[in-house]
Amino acid sequence: MSAAQWADEAARTIMDRCDQLAELTSMEGGIERTYLSPEMAKAFELVGGWMRDAGLEVSIDPAGNLRGRAEGERDGLPALVLGSHLDSVPDAGKYDGILGVITALSVAEHLVKSGATATLPFALEVVGFGDEEGARFGATLLGSYALGAGWNDEWLDLTDANGVTMRQAFRDFGLDPEHVAEAAHTTEDAIGYLEFHIEQGPILEQRDRALSSVSSIAAASRYMVTIHGLSCHIATPYDLRHDALTAAAEIITGVDRISREAGTRANVGEISAEPGGVNVIAGKATFSLDLRAGTDELRDETYRRIWDMAAEVCARYDVTMEKECIHTADSAQCDPFLRSCIEEGIEQAEGKEAFGLISYPGHDGMAVAGLLPIAMLYVRCKGGISHSPLESVREDDVAYGADAFAHAIENVATRLRAAEADALTADVVLGMEA
């Protein structure tokens, strides 16, 4: 069977398995699967069975992640980790995260059953993270932070909508919350992390391409911004008003302008005004602000411009502003070596020159990047629509992606062997010169 024939067959299996996982949901008529939930336990049972059938050694780690391992040319080698997440947002699509886990599993199965893993200078580890979205407890990337040695025990005291603490949820799932940090890899037992993911944007579709690499995962910061004015009757003359909502509206328009000029991505997704009377000037307006940029420096500079603009607006409307940062994450730059292996894999699979995109959505790789070098492969997503039941991918794109991902792993192995051979040759030459 040729590589292309294998990829076509694998794509059919991958799509079918994504359909099966979509049935494991707590939401009537939609998809919702959250961290440490009964639905996640069922997903682990289903995917764990596929892992065993693929020849992987399966475990659930102390952080509630599903792991499957295949040894390399000898037992105990550091692992190349292939992962994404199995949890979802409420009313989710079938592919965000899930496609990455199932494709990684299919590629690992192919390499195991073809005998290729017996020649790899590293082990393979497929990880289905239990939490990336943060839909249950509010904190995101919990599974990948645990694997990447970034776990924070304070998260155990977070509660879900039913008042269940994360600590109790671990116990209900059959895990000891006191041992979560033991899920961490070290730089001695892992060499890097590769993630396969839908783009969650329209660029590949606009360029009529199936695949790309990722150059970086964007820096992001989120704020809740509150404008304080004075509630009074609509009859109040304009020069005597302290209109919080009108000031907020002008600030929001300014955010859009500044973000466009800077080449970043910004969004105001929530806004409220008080007291809310139709004939009462708002004395308070609150809105959310999410800003993402390719680098930390660009994010910070764009925010500086936004706050300067907001201060000028507040002065004109005679109102005040307070802001609270509710989330921040620095950019994660993809490792040049691993990225080049993915791009070579794309060219081997598609026969076209590869290119990279900035990932404005966050991914598990952000949390892993604090410990290991990372790289990502993007696959086209119809309309760029994600976090929605309308999320859709093409089977032929998935086939190209699986083929490229398999090639990428083989490229990592080939280059590592070549580097080792070069080092040995250099040692011999140096020894002769001595």
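Before any of the text, the structure's been laid out above.
Nothing here was measured: the structure is a model prediction, and the numbers come from that model. (Residues numbered from 1 in each chain as written. Predicted model: local features only at pLDDT ≥ 70, side-chain atom pairs only at ≥ 80, totals over all residues. Heavy atoms only, no water.)

A. Geometry of the packing of helix α1 (residues 3-22) against helix α3 (residues 98-113). Two numbers describe how α1 lies on α3: the axes approach to 9 Å, and their chain directions differ by 140°. It follows that α1 is oblique to α3 by the angle criterion. Two packed elements cross with a definite hand, and for α1 against α3 that hand is right-handed. Residue-level contacts link W6, I14, R17, C18 and L21 of α1 to I98, L99, I102, T103, L105, S106, V107, E109 and H110 of α3. Of the residues in the contact of α1 with α3, the class split is nine nonpolar, three polar and two charged. (Axes fitted to C-alpha atoms, helices over the stretch in contact; angles between N-to-C directions. Helix = DSSP H or I, 4+ residues; strand = E, 2+ residues; numbered from the N terminus. Parallel < 35°, antiparallel > 145°, perpendicular 65-115°, else oblique. Left-handed = near helix turned anticlockwise from the far one by under 90°. Contact = heavy atoms within 4.5 Å. Nonpolar A, V, L, I, M, F, W, Y, C, P; charged D, E, K, R; others polar.)

B. Broad picture of the nonpolar core. Counting 79 residues, the largest nonpolar core has L99, L124, W151 and M166 as the members making the most contacts within it. In terms of residue count, the dominant contributor to this core is helix α11 (residues 395-433) (ten residues). Dropping the residues within four chain positions of it, M166 is found in contact with Y35, L36, F137, L142, W151, W155, L156 and L158. Ranked by size, the runner-up nonpolar core spans 23 residues in total, among them Y193, A332, L357 and L372. (Core = buried A, V, L, I, M, F, W, Y, C linked by side-chain atoms within 4.5 Å. Buried < 20%, exposed > 50% of the residue type's maximum accessible area, 1.4 Å probe, protein only.)

C. Fine view of the packing of aromatic side chains. Scanning the entire structure with this criterion turns up ten aromatic pairs. Ring centres of Y35 and F170 lie 5.9 Å apart, and the angle between their planes is 85°; this geometry places the pair in the edge-to-face category. Taken together, the residues Y35 in the loop between α1 and α2 (38-53) and F170 in helix α5 (residues 166-172) connect sequence positions 135 residues apart. Taking the relative accessible area as the measure of exposure, F170 reaches 0% and is therefore buried. A centroid spacing of 6.2 Å and a plane angle of 90° characterise the contact between W151 and F170, whose relative ring orientation is edge-to-face. Here the residue W151 occupies a position in the loop between α4 (142-147) and α5, and F170 occupies one in helix α5, the gap between them amounting to 19 residues. (Phe/Tyr/Trp six-rings, centres within 6.5 Å; stacked < 30°, edge-to-face > 60°.)

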